[in-house]
Amino acid sequence: MTMVDSATHSVSGISASVPETLSMAQAINRALGDAMQEDERVLMFGEDVGALGGVFRITDGLTERFGDKRCFDTPLAESGIVGMAVGMAMNGMRPVVEMQFDAFAYPAFEQVVSHVAKMANRTQGAVRLPIVIRIPYGGGIGGVEHHCDSSEAYYAHTPGLTVVAPATPSDAYGLMREAIAFPDPVVFLEPKKLYWSKESVDLTAPVPPIGRAVVRRAGTDATLICYGTSVPVALEAAEAAESEGRSLQVVDMRSITPFDDETVCAAVESTGRAVVIAEASGFASVASEISARISERCFHSLASPVKRVTGFDIPFAPPKLERYHLPSVNRILDAVDDLQWED
Amino acid sequence: MRPDVAIGELSERAMLPSEHPVCLIDENGRPQPDRRYALPSAEQLVAGYRGMVIGRRINDQCSALVRQGRLAVYPSSHGQEACQLASVLALGDEDWLFPTYRDTIAVMARGVDLLETMVLLRGTWHSGYDPTKYRVAPQATPLATQLLHAVGVAHAATLQGQKTVVLALCGDGATSEGDFHEALNFAAVFNAPVVFLVQNNQYAISVPLHRQTKAPSLAHKAIGYGMPGVRVDGNDFAALQAVVTEAISSARAGQGPTLVEAHTYRIEAHTNADDAARYRDQSEVTEWIPKDPLIRMKTYLTDAGLLDSDLQKLIEHEANEQAAVLRHGLNKDVELDPAVLFEHVYSVPTPQLREQAALLADELEREDAQ
């Protein structure tokens, strides 16, 4: 086993401390490569992740670099992939598995909910499963049915799972590195719409840990709360609102479980108004949970009921209709307008 | 990843099970010559008999403890003790066992503390032993899901150069589950050192085998995955021990997985909560009674001069002692601290769980104050 500590990050192959422009897809690829370089126990497997490098190329070059015992294709069976990861983690490995698309992770649901999530609790901490389940999720890419689901509520509803959704390349790298090093299983939701979004990233600069939300934009009139795919839309809405004279604060949750009540409440208490934005259907959703938490905890600071802007309660729309389904800048601005602004 | 044994390298004939289940000691206790498998040693047979007598005693003790309200439920393996013992006694220390809820006797035979084993069925927690200490996975209550975990442990063993073999148990009903298929397919493709032992006790709760499958036998499924399938008399400890030992050696030698189907019978109802009279004739059960694994072994050992009344008494005494340990342990009420409900969900409890733990603690404090 080679365990390299952070002081020796400059060893060959590990990302160095030079800011570079990376897409989120590249940032996740770098995170996987760096983690595999540092720790032999880290494995990557799933469907088409070997020679092809994954349908989104997230595992590009990993088999070539680490060999087909470290990054490999499995038979086409998601329950098998996750179930095998459970056993491998029981025998000392740190598996990272790829579910090819959100809706293609459903065959693995029993393994995720009944075993990945519960093993530590079942064994009173004797068996912990350091598994990362990578799931490209969400719409906005013109994908056909079964390729655009926002499935976070299923996982967030399951005690024992840690659920994260990055919105920037820096966060994608930092959260993935932390997820792989994490002692508990992590469902890592990758907003596929943002795979090709770029920014200048210093990969060695730490990002806030799992469980922490961040304020992406300061504002004083209302707080927009979002994660993953909905973050850029919220930021765009805040930009547009500013030109209309309204100052909107944007909080990026990053981590759905654990949930950062502290940051959210402080933000909402500072503005007195909140709009929660998520792509998933709104009924019984993560957005509903956030909204309920704000109402319970910040009621006396609220000048208006909390509003939600979510996908409709319909199966994900076909490509030619998805723009009507997804939360848009205008729909967010309308929701902000609908908040109570006068006594 | 290229497996060490390519598909097609094993001939079709070698993957198909024999016409009749392998049997080395028949139901009359007479040894049966077999071209392929030798009778285990006298020492192994006596150890197996001893284990089965203890197992039977514990099975019956646990069923009684359910009636007395000391266990929440007990899925008995009465009649399946040969499968329970032969499989476990074939394992080495470095090997792993993946049991189901009906495999309590196998778990105890692996050396797990009796009371730690009963935690699940007693209802004080979901599992009571440290799996890594005994190399025994928690008893699985969902069907077939544990078979994939077994493949994972085995494949990780291969990658790390360990000589570990994994024995994965399931029943006939579990062979209808998707995870059974995925586990056998993965095991074959990765050439994983796993032995799958299906205890075909003819019933999945109330549904008989012919409603689960149209296959000529469950062992015939093996060829579809490219691994050998073996049928064995599941009430014949000797045959089971010989077959499972060979399958384990083959897996350890890098020759991949084997599917073993043991033909046995669930003498008792599914659990105490079940009423078997609603779906099967008592005459069917009566037919299986003479095929009991303990009776034939006792006859064989007595005829071979390996068991006399002194040894029989000694073994029965030991069985009674273990039943007493169980009885006394389970008759004691355990103090449970509800705070443990929050402790192991995550390595570090989330802020939300800490709040909920505090809420419950406060409730309890006020209850105590009343």
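Since we're looking at a predicted model, the values are computed, not measured.

### Things to note about empty space enclosed by the protein
Applying the stated criterion to the full structure yields four cavities of 30 Å³ or more. Here the second largest cavity is characterised by a volume of approximately 70 Å³. As for the second largest cavity, its lining consists of A:H115, A:M119, A:R122, B:F98, B:A137, B:P138, B:Q139, B:A140, B:Q146 and B:H149. Put simply, the parts of the chain that give the lining of the second largest cavity at least two residues each are α5 (119-122) of chain A together with α8 (145-159) of chain B.

### Focus: the domain arrangement of chain A
Residues and elements named next belong to chain A. As far as domains go, chain A holds domain 1 (18-201) and domain 2 (214-338). For domain 1 versus domain 2, the distance between C-alpha centres works out to 26 Å. Every contact between the two is made by 27 residues of domain 1 and, on the other side, 22 residues of domain 2. Of the roughly 1,800 Å² buried where domain 1 meets domain 2, counting both sides, 57% is carbon and sulfur surface. Linking domain 1 to domain 2 there are two salt bridges. Here D171 ties to R216 by a salt bridge, and the two come within 2.8 Å at their closest N and O atoms. Linking domain 1 with domain 2 are ten residue pairs in polar contact (both at pLDDT 80 or more), by the criterion used here.

### Describing unusual backbone geometry
Residue and element names in this part refer to chain A. Note that the residue after T257, namely P258, is joined by a cis bond; omega there is -5 degrees. Locating P258 in the fold gives a position in the loop between β12 (255-257) and α9 (261-271). With a phi close to 75 degrees, H146 is a non-glycine residue in the positive phi region. Note on placement: H146 falls in the loop between β5 (132-137) and α6 (152-156). Overall, H146 belongs to the partly exposed group, its relative accessible area being 42%. Even without being a glycine, R254 presents a positive backbone phi close to 65 degrees. Judged by its relative accessible area of 0%, R254 is buried.

### Here's the deal with the interface of chain A and chain B
Taken residue by residue, the interface counts 47 residues in chain A and 41 residues in chain B. Taking both sides of the interface into account, the surface hidden between chain A and chain B amounts to around 3,500 Å²; carbon and sulfur atoms contribute 61%. At the boundary of chain A and chain B, one finds one salt bridge. A salt bridge links B:E355 to A:R297; the shortest N-O distance between them is 2.7 Å. At the boundary of chain A with chain B, the tally comes to 21 residue pairs in polar contact (both at pLDDT 80 or more). Looking at the side of chain A that touches chain B, the element that brings in the most residues is helix α3 (residues 78-90) of chain A, giving ten residues. Residues of the side of chain A that touches chain B, tallied by class, amount to 20 nonpolar, 16 polar and eleven charged.

### Examining the environment of A:P318
Summarising the element assignment, A:P318 is placed in the loop between β14 (307-311) and α11 (322-325). Taking C-alpha positions, A:P318 is 7.6 Å from A:G143, a pair spaced 175 residues apart along the chain.

### A word on the pattern of salt bridges
Considering all chains together, one arrives at 30 salt bridges over all chains under this definition. For the salt bridge of A:D102 with A:K192, the shortest nitrogen-to-oxygen distance reads 2.6 Å. Highlighted residues: A:D102 in the loop between β4 (94-98) and α4 (109-116) and A:K192 in the loop between β7 (186-191) and β8 (198-201), separated in sequence by 90 residues. As far as the burial class goes, A:D102 and A:K192 line up, both buried. The partner of B:D274 in a salt bridge is B:R266, with the nearest N and O atoms 3.7 Å apart. Where salt bridges share partners, they join A:D261, A:E289, A:R293, A:R297 and B:E355 into one cluster.

### Some thoughts on the nonpolar core
Counting 86 residues, the largest nonpolar core has A:M90, A:I294 and B:F196 as its most contacted members. If you tally residues by element for this core, the top one is α3(A), at eight residues. For A:I294, the contacting residues outside a window of four places in its chain are A:I225, A:V264, A:V268, A:A274, A:V276, A:F299, A:L302 and A:V306.

### Overview of the packing of α3(A) against helix α9 (residues 178-189) of chain B
The interhelical angle for the contact between α3(A) and α9(B), taken along N-to-C directions, is 70 degrees, at an axis separation of 9 Å. With respect to α9(B), the axis of α3(A) lies roughly perpendicular. Viewed along their axes, α3(A) and α9(B) form a crossing whose handedness is right-handed. The residues of α9(B) that touch α3(A), namely those facing A:E78, A:S79, A:G80, A:I81 and A:M84, are B:D179, B:E182 and B:F186. A per-class count over the contact of α3(A) with α9(B) returns three nonpolar, two polar and three charged.

### Digging into the sheet that holds strand β9 (residues 214-217) of chain A
All names here are of chain A. Across the sheet, five strands lie side by side as β9-β11-β10-β13-β14; this open sheet has mixed pairing. For this open sheet the edge positions go to β9 and β14, each flanked by a neighbour on one side alone. Taken pair by pair, the neighbouring strands of this sheet meet at an average axis angle of 25 degrees, ignoring direction. Note: β9 against strand β11 (residues 248-252), three bridges, orientation antiparallel. The partner of V214 across the bridge, within β11, is D252.

### Some words on the environment of B:P40
All names here are of chain B. On the secondary structure map, P40 appears in the loop between α1 (12-15) and α2 (42-67). Its relative accessible area of 10% is what places P40 among the buried residues. Residues P40 and L24, spaced 16 residues apart in sequence, show a C-alpha to C-alpha distance of 9.3 Å. Beyond its immediate sequence surroundings of up to four residues, P40 is in contact with L24, L45, A238, Q241 and A242.

About the criteria used
The numbering scheme is per chain: residues are counted from 1 as the chain's sequence reads. The lettering of chains begins at A and the numbering of ligands begins at 1, in the order of writing. Where local features are concerned, this predicted model is filtered to residues with pLDDT of at least 70; where side-chain atom pairs are given and counted, the filter is 80 or more; whole-chain, interface and lining totals use all residues. Side-chain numbers here rest on the full set of heavy atoms in the structure, without hydrogens or water. A 1.4 Å probe that fits into a set of points on a 1 Å grid over the protein atoms alone but cannot get out defines a cavity; an open set with protein on both sides within 12 Å along at least five of seven lines defines a pocket, and lining residues are those with an atom within 4 Å of a point. Grid points are joined across faces, edges and corners, and a volume is the space filled by probe spheres set on the points. Helix and strand definitions here come from DSSP, where helices need a minimum of 4 consecutive H or I residues and strands a minimum of 2 consecutive E residues; each element is numbered from the N-terminal end. Boundary definitions for the domains trace back to an automatic or database domain assignment. In what follows, a contact means two residues having at least one pair of non-hydrogen atoms within 4.5 Å. Defined in terms of a 1.4 Å probe, buried area is the accessible area two parts forfeit on being brought together, summed over both. Take a side-chain nitrogen of Lys or Arg and a carboxyl oxygen of Asp or Glu: if they are within 4 Å of each other, that pair is a salt bridge. Between N or O atoms, a polar contact is any pair within 3.5 Å; within protein, one atom must be a potential hydrogen donor and the other a potential acceptor, and residues adjacent in sequence are included only when both atoms are from side chains. Buried residues are those whose accessible area, probed at 1.4 Å on protein chains only, stays under 20% of the maximum for their type, while exposed residues exceed 50% and partly exposed ones sit between those limits. The residue classification treats Ala, Val, Leu, Ile, Met, Phe, Trp, Tyr, Cys and Pro as nonpolar and Asp, Glu, Lys and Arg as charged. All others, Gly included, are polar. To qualify as a nonpolar core, a set must consist of buried Ala, Val, Leu, Ile, Met, Phe, Trp, Tyr and Cys residues joined through side-chain atoms within 4.5 Å. Angles run from 0 to 180 degrees between N-to-C directions of axes, and those axes are lines fitted to C-alpha atoms, restricted for helices to the stretch in contact. For this classification, under 35 degrees means roughly parallel, over 145 means roughly antiparallel, 65 to 115 means roughly perpendicular, and everything else is oblique. Crossing handedness: left-handed means the near helix sits turned counterclockwise from the far one by under a right angle, and right-handed means the same turn made clockwise. One requirement defines pairing of two strands: DSSP has to find at least two bridges between them.

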